Structures are given as structure tokens and as C-alpha cells.
Amino acid sequence: MWIYEKKLEFPVNIKAPNARLAQLMLEQYGGADGELGASLRYLSQKFTMVTPQAKAMLNDIATEELAHAEMMATIFHQLTQGLTKDEILDSGLDGYYVAHGLGAFPSAAAGAPFTATYFQSKGDPITDLYEDMAAEQKARSTYEFLIDLTDDPDVLAPLRFLREREVVHFQRFGEALDIARDYLNQQKYFYDMKCK
Amino acid sequence: MRAYPENYNRPNRPSRPNNGNGNGNGNGYMSQEEMYQKLMELDFISLDIGLFLNSHPTEKEAITAYNQVVSAADVLRNQYEEMYGPLCSFRSYATDANEWKWEQDPWPWQKSANPSLSGKECM
């Protein structure tokens, strides 16, 4: 169950529309290493996670990632408000526009629609936590590439915030991995869900 | 928790900055935007300490800090909601007995809901 809170995790207030930037920002909304995939990955993996600490971490970071998906879609939305026909045509957003108008459709910057094949839910706590740590690093890289291509300070502020969260989540998943591994090493039998 | 009588009406008074974070002197006033941004800050701090506590559940100092921040946010959220309407789905009181304000603009993805950080960047 979730409670919706009527505020973003970090403010997004973008004054200047920018079609090219808007399209790039889609990557962290519905791209391979984007926030929607991150949230669904952790939300799915939590059911077979071991130890209370690691379960809590997956549950709570999944929840935060949902708020990050909202932030990225908000950045896209605000960047597309007030665009002219020529700006859409010249920027390369035209292909997106004919498919979705200015609606926020979960997809990658290069147009591939969001898909669950971007993540795994393997039912193995160690495998899943390693994937999660890798996912946080991939998202951090993506934010850094987005920051490289962004000049607008109104866009940079939330991007920097989101990049920093990837670093924190990586740290927290690393701690969860240590805790889960210690727990599994204490078990006398080899962990195998098929044997339970 | 506040208990609202049936004829409860939203008090029409300015907010005080005494939001429990130790900064308010009780004399100045916070604007709606300042309250909203302060609430964002406090909620973020408690969220982040909460993640830390998931993997460090016996860190007493962090638990104390967590409770202090949640308490400060609670005071400020109550003030904000009494003046400007509910912030949480099915957890906030409908603070105006005559009007359902949850659905009112701006929603968080709208520019006007968000404080501008221009000129406040960390260098």
C-alpha cells in the first residue's frame, strides 16, 4: 500500500522549454537504467529477499525510485511546456510528438518503449542485490551523461540530486548484501528455493 | 493527532516559523513556498536517515535524529495543511469542512507547485 504525498521529493521548476533536453530526459524515466525500471525491479525482488534489513531496503528504495520516476516525468513535462512547432521539428522531438503528443510516455531517449526486460527478479537474494548495485551505478553514469549535456541550472539541480541518490542507494544495497550474505552463510544448507 | 469537530473550519491565520527545527523565533512568518520547501527538506532528511537505519537498526544517535526530524516535519505539515489544504492521500484531514481541497491545483508536477532554486545553488 502507498500513500501519495502532494509534493515532489526535490523541487522541479523549469522556466525555459527545451525540446532537445526533454527528449534526453526520457532516458531516466523509461530507459534501460531509468527510474521506472529501478522501482519495478526492487518492488519485484523484495518478495524473495532474505533478512529484515535487506527486505526493508528493497521496499523503501523502490518507493523512493517511484518518486524519482515522477521527478523525471515532471522534468520532461515542464521542458515541453510552451514549445513552438519549429522547436519540435528542429530538435528531433518530432518523431516522439507524432506518437505521443507532449504526453509523458515511458521510453528511452532514442525512442525504445519501456520494457520489463530491462531488469531481473531472479529469486536469489545475492544475484538480485548484485544486480541492484550495478543498476545504481548504471543510473549514476546516465545522470552524469545527462549533466554533461545540460546547461540549464533549473534542470541541473534535480539531476544532481538524483545522481547523488544513486550513490547513496549503492551504499545501502552494499550493506544489505553484506547482511544477506552473512545470514545465508550461517545457514547449514545451501540456499536453494526449490528445496524449501 | 488533531480531532476535528463536525463544524471545523480552516483557521484563517498566518503561519509562524516555529516549526520545531529550532530556527523559528516566533516573530517572523514563512510564506507558503518557504513552508513547502522546508517540509521537502525535513521529509528528505527523515527518508535518508530511515534508509541508513534499515542497515544500522541499533544506531541510537540516528534514531534520535530521525525522531527529531519527523517531529519537526509533523508540526510544520499540520500548519501547512490547516492553511493550504491536505498533502497526503487518505491520511490528511480535510481541513476545510466546506470544500474538498485535495484535488485543487497545483499538483506536484506543475511548475507553480515547486519552489524555484534559482540563486540558491550550492557551489
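The rules we used
- Residues numbered from 1 in each chain as written.
- Chains lettered and ligands numbered in written order.
- Predicted model: local features only at pLDDT ≥ 70, side-chain atom pairs only at ≥ 80, totals over all residues.
- Heavy atoms only, no water.
- Helix = DSSP H or I, 4+ residues; strand = E, 2+ residues; numbered from the N terminus.
- Buried < 20%, exposed > 50% of the residue type's maximum accessible area, 1.4 Å probe, protein only.
- Areas by Shrake-Rupley, 256 points an atom, 1.4 Å probe, with all protein chains shown as cover.
- Contact = heavy atoms within 4.5 Å.
- Lys, Arg positive; Asp, Glu negative; His and termini not counted.
- Charge placed at Lys NZ, Arg CZ, Asp CG, Glu CD.
- Buried area = accessible area lost by both parts, 1.4 Å probe.
- Salt bridge = Lys/Arg side-chain N within 4 Å of Asp/Glu carboxyl O.
- Polar contact = N/O pair within 3.5 Å; in protein donor to acceptor, adjacent residues only side chain to side chain.
- Nonpolar A, V, L, I, M, F, W, Y, C, P; charged D, E, K, R; others polar.
- 1 Å grid on protein atoms, 1.4 Å probe; cavity = no way out; pocket = protein on both sides within 12 Å on 5 of 7 lines; lining within 4 Å.
- Points joined across faces, edges and corners; volume = space filled by probe spheres on them.
- Axes fitted to C-alpha atoms, helices over the stretch in contact; angles between N-to-C directions.
- Parallel < 35°, antiparallel > 145°, perpendicular 65-115°, else oblique.
- Left-handed = near helix turned anticlockwise from the far one by under 90°.

**Student:** Tell me about the overall build of chain B, and name the residues and values.
**Tutor:** Across its full length, chain B holds two helices and zero strands. Considering chain B as a whole, with its 123 residues, one finds that 40% of them fall into the buried category. Here chain B has roughly 7,500 Å² of accessible surface; of this, 50% comes from carbon and sulfur atoms.

**Student:** Any details on the overall build of chain A? Residues and values, ideally.
**Tutor:** Of regular secondary structure, chain A possesses eight helices and zero strands. Traced from its N-terminal end to its C-terminal end, chain A shows the element sequence α-α-α-α-α-α-α-α. In terms of principal-axis extent, the alpha carbons of chain A reach across some 65 × 30 × 30 Å. Sorting the 196 residues of chain A into buried and exposed places 49% on the buried side. Across chain A, every contact between residues at least 6 apart in sequence was considered, and the portion connecting residues at least 24 apart equals 80%. About 9,000 Å² of surface is accessible on chain A, with carbon and sulfur atoms providing 58% of the total. Between the centroid of the 19 positive side chains of chain A and the centroid of its 29 negative side chains there is a distance of 6 Å.

**Student:** Could you give an account of the interface of chain B and chain A, with specific residues and numbers?
**Tutor:** Interface size is commonly expressed as the accessible area that is lost once the parts come together. Between chain B and chain A, the contact holds 36 residues from the first and 35 residues from the second. Carbon and sulfur atoms make up 61% of the area that chain B and chain A hide from each other, which totals about 2,900 Å². Of all residues in chain B, B:L51, B:W109 and B:K111 bury the most surface against chain A, accounting for 21% of the area lost on that side. On inspection of chain B and its partner chain A, the count reaches three salt bridges. Residue A:K7 is joined to B:D43 by a salt bridge in which the shortest nitrogen-to-oxygen separation is 2.7 Å. Linking chain B with chain A are 15 residue pairs in polar contact (both at pLDDT 80 or more). Top contributing element to the side of chain B that touches chain A by residue count: helix 1 (residues 32-55) of chain B, with 11 residues. Residue classes in the side of chain B that touches chain A are distributed as 19 nonpolar, nine polar and eight charged.

**Student:** Which residues make up the pattern of salt bridges, and what are the values?
**Tutor:** Taken as a whole, this structure holds 16 salt bridges over all chains when the rule is applied. Here B:D96 ties to B:K101 by a salt bridge, and the two come within 3.8 Å at their closest N and O atoms. Using a relative accessible area of 14% as the deciding quantity, one classes B:D96 as buried. What emerges from the salt-bridge pattern is a single network uniting A:E5, A:K7, B:D43 and B:R77.

**Student:** Please set out the layout of surface pockets residue by residue, giving values where relevant.
**Tutor:** Estimated volume of the largest pocket: approximately 1,300 Å³. Along its surface, the largest pocket is lined by 36 residues, and A:I3, A:E5, A:T63, B:D43 and B:L47 are the ones closest to its centre. Counting only elements with at least two residues in the lining of the largest pocket, the list comes to helix 4 (52-79) of chain A together with helix 1 and helix 2 (60-84) of chain B. Of the residues forming the lining of the largest pocket, the biggest block, eight residues, is contributed by helix 1 of chain B. Of the residues that constitute the lining of the largest pocket, the class distribution is 18 nonpolar, six polar and 12 charged.

**Student:** Help me get a handle on unusual backbone geometry, residues and values and all.
**Tutor:** Residue and element names in this part refer to chain B. Of note, the amide linkage connecting D105 to P106 takes the cis form, showing an omega dihedral of 0 degrees. You can see P106 is positioned in the segment after helix 2. One non-glycine residue, F90, adopts positive backbone phi at about 45 degrees. Within the secondary structure, F90 sits in the segment after helix 2. What makes F90 partly exposed here is its relative accessible area of 47%.

**Student:** An account of the packing of helix 1 of chain B against helix 2 of chain B is needed here, citing residue identities and associated values.
**Tutor:** The relative placement of two packed helices is expressed as an angle between their axes plus a distance between the axes. Residue and element names in this part refer to chain B. Viewed as axis vectors pointing N to C, helix 1 and helix 2 meet at an angle of 150 degrees, and their least axial separation amounts to 9 Å. Comparing the axis directions of helix 1 and helix 2 gives the class roughly antiparallel. The two elements helix 1 and helix 2 meet at a crossing, and its hand is left-handed. Residues belonging to the contact of helix 1 with helix 2 are distributed by class as follows: 19 nonpolar, four polar and three charged.

**Student:** Provide a residue-level description of the side chain of A:T142, including the pertinent values.
**Tutor:** All names here are of chain A. Mapped onto the fold, T142 is located in helix 7 (residues 125-148). Within the structure, T142 has its side chain in polar contact with the backbone oxygen of K138 (distance 2.9 Å). Sequence-distant contacts of T142, defined by excluding residues within four places in its chain, comprise E27, Q28 and D33.

**Student:** Which residues make up the packing of helix 3 (residues 35-45) of chain A against helix 7 of chain A, and what values go with them?
**Tutor:** Residues and elements named next belong to chain A. Viewed as axis vectors pointing N to C, helix 3 and helix 7 meet at an angle of 170 degrees, and their least axial separation amounts to 11 Å. By the angle class used here, helix 3 and helix 7 are roughly antiparallel. For helix 3 against helix 7, the interelement crossing comes out left-handed. From helix 3, E35, R41, Y42 and Q45 reach across to helix 7, where they touch D128, E131, D132, A135, E136 and Y143. Looking at the contact of helix 3 with helix 7 residue by residue, the class counts come to three nonpolar, one polar and six charged.

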